[in-house]
Amino acid sequence: MTVSNAIETTHLRKIFGSNVAVSDLTLTVERGEVFGFLGPNGAGKTTSVKMLLGLIAPTAGEMRLLGVSAKDHRIRQRIGFLPEHFRFHDWLTASEFLQLHAALYRMPETVIHQRVPELLELVGLSQHAAQRLRGFSKGMLQRIGLAQALLNEPDLIILDEPTSGLDPVGRRLVRDIIRGLKQRGATVFLNSHLLSEVEITCDRVAFIKHGQVLQISSLQTLVEGELSVQVRAHPLTPQVVAGLSRWSQNVRADGDHLMLTLPGEADLPAVNRYLVEQGVDVFSLQPQKVSLEDLFIQVVGTDGGL
Amino acid sequence: MNIRNATIWVIARLTFREASRRWVLWAAGILGLIFLVVYGIGFYTIHREILKEPPGQLVTKEIYGFMLMAGLYVVNFLTAIMTVLTSVDTLAGEIASGTVHTLVSKPLRRWEIVLGKWLGFAAMMMVYLLLMGGGVIGVVYAISGYMPPHALSGVGLMILGMLLLLSISFLGGATLSTLANGVMVFGLYGIAFIGGWIEQFGAFLNNQSAVNVGIISSLIIPSEAVWKRAAYEMQSSLVRTFGGLSPFSSPSAPSRVMVLYAVIYAAVVLCLAMWRFGKRDL
């Protein structure tokens, strides 16, 4: 038996009045991967997430979660969700809040009593178990929201901006939790603006704009892929520069400075050797990875989707 | 399935707990108690006055009946206000703030949330109504020994009136913002109120068109009609026969058909609220 995909959407569409929020979203997220969902503001990310969770009904298109139609509310038994604005019933204490949501997952009383303290411990809120959420900081709310999303040991967890309110310690916590989920074989769907976070945690990312997938990239290829190199050397004669064309089609020389793009790290020593053999003094040779941010700008553009 | 964990039950308990945490229960309870004490002192004073120079058994009974219905009238009005004020925000507010997102993304059907909340409020307001209505009847009985006829069905009808407003407030909350919902429910309540009065005058003056205005307003929202029926049930046969104009008495009682209409009305409106909340984007 083949394992069904974690998320499968086909031609998902949502129109609010005359405003097309999501135009045509076709996306597959495999089991066990940490998937980043990126795009400029207003790209339809949150609308898409809300459709997956049944908060918004799609205008057209199909959605399957863990192999089951997303219309079936029972599938949410195996899904965890942290909403974007983490607004919760703030007159409940942290413990009561988790107990309430565990009950909504229909967890047995005995399991709830065991699981709630464990999760409070995990997100570092054991000390605040009896405190009402009203007095919680933004970061604490995000932590309790995260604990809520982990109650049912989900097979698929959807996090809408999970680290936006968190300090560096909190972000590391989220990262560790995501790693733990992945080790357990769970799928994580991460909607985030914080590209550096996505870069560290995700296996693959989808770039979306105007509710359409522009590109899906594996972050593994981002690590292994193309890099640009900055060189400071003297003297850079036209012949020397021309000779670099066997490694790179994209070479720019300006005085003692040289910029070239290489297909991978493997060519770096050869370029260095070539320069030295040509009698050039190399002062520095700095490879620069294409960051996720560069890729984002490249794919999505700088207009922010407006 | 474990009944303790049924979604409807969990949500109903949550509603109770919220009211308790937000001091709604305590405020309503304490002020209700003060109301009963004030009412009791007032009734006792008049009772003593009557005992000094008894005006005859029949008249005495009528005075007690009038005093009782005045008390129940206020209880009915207070219950209506409380029902709307406490429930007007429960769906609309959760939708506006986003707290509903964590609830609805759970493995449940949305109507279960609506029904759970409705049951929570219904139980809460029923307790309030029973304590206040029962309190008024009890105070009158304890001081004077007077017991109105058909007290049970009278209070039952008052409960029906409360459930009716609750359902309307839920339908509004599933559709409108909190403020718009409040305006809508009280607006409807006002229509029922004035319609009821016009009907009474019409009946008193034998003017059929005025009576029709009242009937139409009762069809739009039968809350006042239900109160009139409750008052009719609990008043003395003398008032029933000879009538009289006051908000606490009802010479022309809405029929049993109107009561049945109110029951169906409340149920249908509640179902519409569940349907509407199930459909809308959150």
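Residues numbered from 1 in each chain as written. Chains lettered and ligands numbered in written order. Predicted model: local features only at pLDDT ≥ 70, side-chain atom pairs only at ≥ 80, totals over all residues.

It is worth spelling out the overall build of chain A at this point. When its secondary structure is counted, chain A shows ten helices and 14 strands. Here chain A holds 306 residues, and the buried ones make up 41% of them. Nonlocal contacts in chain A, meaning residues at least 24 apart in sequence, comprise 70% of its contacts between residues at least 6 apart. (Helix = DSSP H or I, 4+ residues; strand = E, 2+ residues; numbered from the N terminus. Buried ≥ 20, exposed ≤ 12 C-beta atoms within 10 Å, placed from the backbone. Contact = placed C-beta atoms within 7 Å.)

Within chain B one finds twelve helices and zero strands. Listing each helix as α and each strand as β along chain B from the N terminus yields α-α-α-α-α-α-α-α-α-α-α-α. A compact globule built from 282 residues would reach a C-alpha radius of gyration of about 19 Å, and chain B, at 20 Å, matches this within 12%. If one aligns the C-alpha atoms of chain B with their principal axes, the spans along those axes are about 70 × 45 × 35 Å. Put simply, chain B has 282 residues, and 43% of those count as buried. Residue pairs at least 24 apart in sequence account for 81% of intrachain contacts in chain B once pairs closer than 6 positions are excluded. (Rg over C-alpha atoms; globule rule 2.2 N^0.38 Å.)

Residue-level contacts link 21 residues of chain B with 23 residues of chain A. Going through the elements one at a time, helix 1 (7–21) and helix 5 (99–104) of chain B are the ones with two or more residues in the side of chain B that touches chain A. For the side of chain B that touches chain A, the class distribution of residues is seven nonpolar, eight polar and six charged. (Nonpolar A, V, L, I, M, F, W, Y, C, P; charged D, E, K, R; others polar.)

In summary, the side chains of a regular strand alternate between the two faces of the sheet. All names here are of chain A. Little of strand 14 (residues 281–289) is tucked away: zero of the nine residues are buried. Both strand 11 (residues 227–234) and strand 14 contribute to a ladder of eight bridges, which runs antiparallel. Residue pairing in the sheet places valine 231 in a bridge with leucine 285 of strand 14. (Pairing = 2+ DSSP bridges.)

As a further point, take the environment of B:Lys117. Residues and elements named next belong to chain B. In this fold, lysine 117 is placed in helix 6 (residues 110–144). Of the residues examined, lysine 117 has 25 C-beta atoms within 10 Å and is grouped as buried. For the pair lysine 117 and lysine 52, spaced 65 residues apart in sequence, the C-alpha to C-alpha distance is 51 Å.

We now examine the confidence of the model for chain B. Looking at chain B, the pLDDT average stands at 90 and 93% of residues meet or exceed 70. Here the predicted complex carries an ipTM of 0.86, next to a pTM of 0.87. (pLDDT = per-residue confidence, 0-100.)

Before going further, it helps to examine the packing of helix 7 (residues 151–175) of chain B against helix 10 (residues 223–234) of chain B. All names here are of chain B. Interhelical geometry of helix 7 versus helix 10 gives an angle of 170° and a closest axis separation of 8 Å. Relative to helix 10, helix 7 is oriented roughly antiparallel. Residues Ala151, Ser153, Gly154, Leu157, Met158, Leu160, Gly161, Leu164 and Leu165 of helix 7 form the contact with helix 10, whose own contacting residues are Ser223, Val226, Trp227, Arg229, Ala230, Glu233 and Met234. Considered class by class, the residues forming the contact of helix 7 with helix 10 number ten nonpolar, four polar and two charged. (Axes fitted to C-alpha atoms, helices over the stretch in contact; angles between N-to-C directions. Parallel < 35°, antiparallel > 145°, perpendicular 65-115°, else oblique.)

All names here are of chain A. Taken together, the four strands give an open sheet; going across it, the order is 12-13-11-14, and neighbouring strands pair in antiparallel fashion. The open sheet has two edge strands, strand 12 (251–254) and strand 14, and neither has a second partner. Across the sheet, the mean angle from the axis of one strand to that of its neighbour is 15°, orientation sign disregarded. Of the pairings in the sheet, the one linking strand 11 to strand 13 (residues 257–262) comprises six bridges and is antiparallel in character. Bridge assignment links leucine 227 to a residue of strand 13, and that residue is leucine 262. Those strands touched by helix 9 (residues 268–277) are strand 11, strand 13 and strand 14, and its axis lies near 160° from that of strand 14.

Residues and elements named next belong to chain A. In contact at an axis separation of 10 Å, helix 2 (residues 94–104) and helix 3 (residues 109–122) are set at 130° when each is read in the N-to-C sense. One element, helix 2, and the other, helix 3, form an angle in the oblique class. Seen from above, helix 2 lies across helix 3 with right-handed handedness. Across the interface between the two elements, Ala94, Ser95, Leu98, Gln99, Ala102 and Ala103 of helix 2 pack against Ile112, Arg115, Val116, Leu119 and Leu120 of helix 3. (Left-handed = near helix turned anticlockwise from the far one by under 90°.)

As a further point, take unusual backbone geometry. All names here are of chain A. That bond from histidine 234 to proline 235 is cis: its omega, -5°, falls within 30 degrees of zero. Tracing the backbone shows proline 235 in the loop between strand 11 and helix 8 (238–243). Its identity is not glycine, yet phenylalanine 86 carries a phi of approximately 30°, on the positive side. With respect to the helices and strands, phenylalanine 86 occurs in the loop between strand 6 (79–82) and helix 2. Owing to 26 C-beta atoms within 10 Å, phenylalanine 86 belongs among the buried residues under this scheme.

All right, on to the confidence of the model for chain A then. Of all residues in chain A, 97% have pLDDT values of 70 or greater, and the mean over the chain is 88. Within chain A, the element-level pLDDT minimum falls on helix 7 (residues 219–224) of chain A, averaging 70, and the maximum on helix 2 of chain A, averaging 96.

Looking now at the environment of A:Glu265. All names here are of chain A. Position of glutamate 265 relative to the elements: it lies in the loop between strand 13 and helix 9. For the pair glutamate 265 and lysine 45, spaced 220 residues apart in sequence, the C-alpha to C-alpha distance is 34 Å. For glutamate 265, the contacting residues outside a window of four places in its chain are Leu227 and Pro287.

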